[in-house]
Amino acid sequence: MAAQRNPTRQRLIGAALELFVSRGVTETTTKQIAELAEVNEVTLFRNFGSKHGLLLAVIEEAAVFTKLGESLVDRTNQTSNIHETLKDYAIACLQALERVPEVVRSVVGEAGKYPAENRAALGRGFTEANRYAAEYFAAAIDREKLHTHLSAEQLASLLNGMLVGYAVIEFTSEFHQLWHDREDFLENLVTLFLHGAVSSFDEEEEKENVSFLSENPKVEAGILPASGGFGAKIRDSPIAQNQFAVKSELATKKTAGENVLDLPANLVAAILQRAKKLGIQQYALVYVLFGSGLSKDEIVGLERSHHISDSRQQLLQVTQGLGRQVPVNQWILGKRYGSYTNNPLTQWLKSRKDSESALFLNRTGKPLSENDLVELWEELTAGLVGVEAEAIAIEQTQQTWCVEMLMRGMNLEDMQILTGWDVAKLQPYLRRSREKTALEQAIRLDRKS
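Residues numbered from 1 in each chain as written. Predicted model: local features only at pLDDT ≥ 70, side-chain atom pairs only at ≥ 80, totals over all residues. Heavy atoms only, no water.

1. Here we look at the overall build of the chain
The test is simple: Helix numbers and strand numbers start at the N terminus; a helix is a DSSP run of H or I with at least 4 residues, a strand a run of E with at least 2. Throughout, a contact is declared for two residues whenever any of their heavy atoms are within 4.5 Å. The Shrake-Rupley method, run with a 1.4 Å probe sphere, supplies the accessible areas, and residue values consider only the shown protein chains as cover.
For the chain, the helix and strand inventory stands at 22 helices and five strands. Taking contacts inside the chain between residues at least 6 apart in sequence as the whole, the part at least 24 apart equals 65%. Accessible area of the chain: about 22800 Å², with a carbon and sulfur share of 53%.

This is the structure in structure tokens:
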């Protein structure tokens, strides 16, 4: 215990944890740790022997696993049902892992090189976290008098394994199509556990559902009851949910008498996927359209020098009008497209061998014109239809971005700066974002009931 209270030792552990989190274990040197802790590197070796010895102390003494477990205990009685219990736990775990992506990458890549005592310490940490999770689930199961097919310990073990697997895939790969976004993964994960581990499931009813959906591939959500039994299961299927969203958007726009025609997430993802198959520039171009909210003339006016990117941001300098900077988002409608320094746009720029200053080029290698852009867009969206069963206009990329930014919490004053529009032009987008937020909230509540 005396060693743990040694201020020099604690400074070294704190400095190591900070650097491991920001740079990863692999990229962090003992010299960097010693400098941050304001001690001589010899002092580090005297206390811990090596970087692996210091890593062992971080695992054992920083109490990362314990803190996560204790936070779960604090929330044990704050959730109203098992759906919320499972999802809240999953969100808490993923948030904890997302705070230390470099550590996760390092552990995945180097765990085999760690001494046995380090791997044992990691195992004890995971076991400790699992014990807290089991207690958390046991309390919820007892509170709701649920019948379970797995013990609380088994439930926690399987759930933790899937969450760690998600983090490993997200932090070590890009552009996969295993799930649409984190929310999609979480909903599917919770649904799996609710039907397979926690509540009984009527196999005959499921067969009936599958048969119905197979025979009615264009089932419309509007004809289904709001809750209960067979109808609710069909209503909550991906097919029905998509039809429901499309029809709701159409009705909203006709009622409002306005022209905000933002695109649904699944359609945006489909267009981006088509662009990716066409080529690296096409993928970058569509990524910028949906990720920055620029108009046609602003896109074709971009030059290489207008792109600004580092580990904390990615910006484009727009020169039309008074000029402004706009961010290029990593996340587009819930799906992540790389990082600020490694995404479709940076990959396109790195692949360039030409001397043209324009950011985007046409088929002949000359600067892209508005006609070239419209031609490419028509090729990308051929056969796809929007909310009103009409061809998708390129202007809808800007409208989609604007609605998404407002749904994320941007205010009108900031949106004026990003778009160069006045408040009157932004008002329909604000109304549309509120309508979509209300609709999504209603669907989430219905899924929990």
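Back to the write-up after that little detour.
2. Let's talk about the packing of aromatic side chains
Just so we agree on the cut-off: Centres within 6.5 Å make a pair out of two Phe, Tyr or Trp rings, where for Trp the six-membered ring is used; the pair is then stacked when the planes are under 30 degrees apart, edge-to-face when over 60, and tilted otherwise. Accessibility here uses a 1.4 Å probe with only protein chains present; expressed as a share of the type maximum, an area under 20% marks a residue as buried, one over 50% as exposed, and anything in between as partly exposed. Two conditions define a charge sitting above a ring: the NZ of Lys or the CZ of Arg must be within 6 Å of the ring centre, and it must be within 35 degrees of the ring normal.
Evaluated as defined, the whole model comprises three aromatic pairs. Judged by centre distance (5.4 Å) and plane angle (40°), the rings of Trp 421 and Tyr 429 are tilted. By relative accessible area, Trp 421 is classed as buried at 12%. With relative accessibility at 8%, the residue Tyr 429 sits in the buried group. The ring of Tyr 337 carries Lys 335 above its face, with NZ or CZ at 5.9 Å from the centroid.

3. Some points on the environment of Thr 29
Residue position: Thr 29 is located in the loop between α2 (7-23) and α3 (30-37). Given the relative accessible area of 35%, Thr 29 is considered partly exposed. Separated by 13 residues in the primary sequence, Thr 29 and Ala 16 have C-alpha atoms spaced 9.2 Å apart.

4. Remarks on the pairing of strand β3 (residues 324-327)
Put simply, the test is: Between any two strands, at least two bridges found by DSSP are needed for them to pair.
The side-chain alternation of β3 yields one buried face, formed by Arg 324 and Val 326, and one unburied face, formed by Gln 325 and Pro 327. As defined by bridge partners, strand β2 (residues 313-318) adjoins β3 across four bridges and the pair is classed as antiparallel. Within β3, the residue paired with Val 318 across the bridge is Arg 324. Remark: five residues form the turn of the hairpin made by β2 and β3, two consecutive strands paired antiparallel; Gly 321 in that turn has positive phi of roughly 65°.

5. Describing the packing of helix α7 (residues 82-98) against helix α9 (residues 116-144)
As a reminder, the rule being used: Axes here mean lines fitted to C-alpha atoms, for a helix over just the part in contact, with angles spanning 0 to 180 degrees between N-to-C directions. When an angle is under 35 degrees it counts as roughly parallel; over 145 it counts as roughly antiparallel; between 65 and 115 it counts as roughly perpendicular; any other value is oblique. When residue character is reported, Ala, Val, Leu, Ile, Met, Phe, Trp, Tyr, Cys and Pro are called nonpolar, Asp, Glu, Lys and Arg charged, and the others, Gly included, polar.
Where α7 meets α9, the axes come as close as 10 Å, and the angle between the chain directions of the two elements is 170°. When the interaxial angle is binned, α7 and α9 end up roughly antiparallel. Contact with α7, carried on its side by Ile 82, Thr 85, Leu 86, Asp 88 and Tyr 89, involves Ala 133, Tyr 136, Phe 137, Ala 140, Arg 143 and Glu 144 of α9 and no other residues of that element. Grouping the amino acids of the contact of α7 with α9 by side-chain chemistry returns seven nonpolar, one polar and three charged.

Read these as geometric descriptors, not functional statements.
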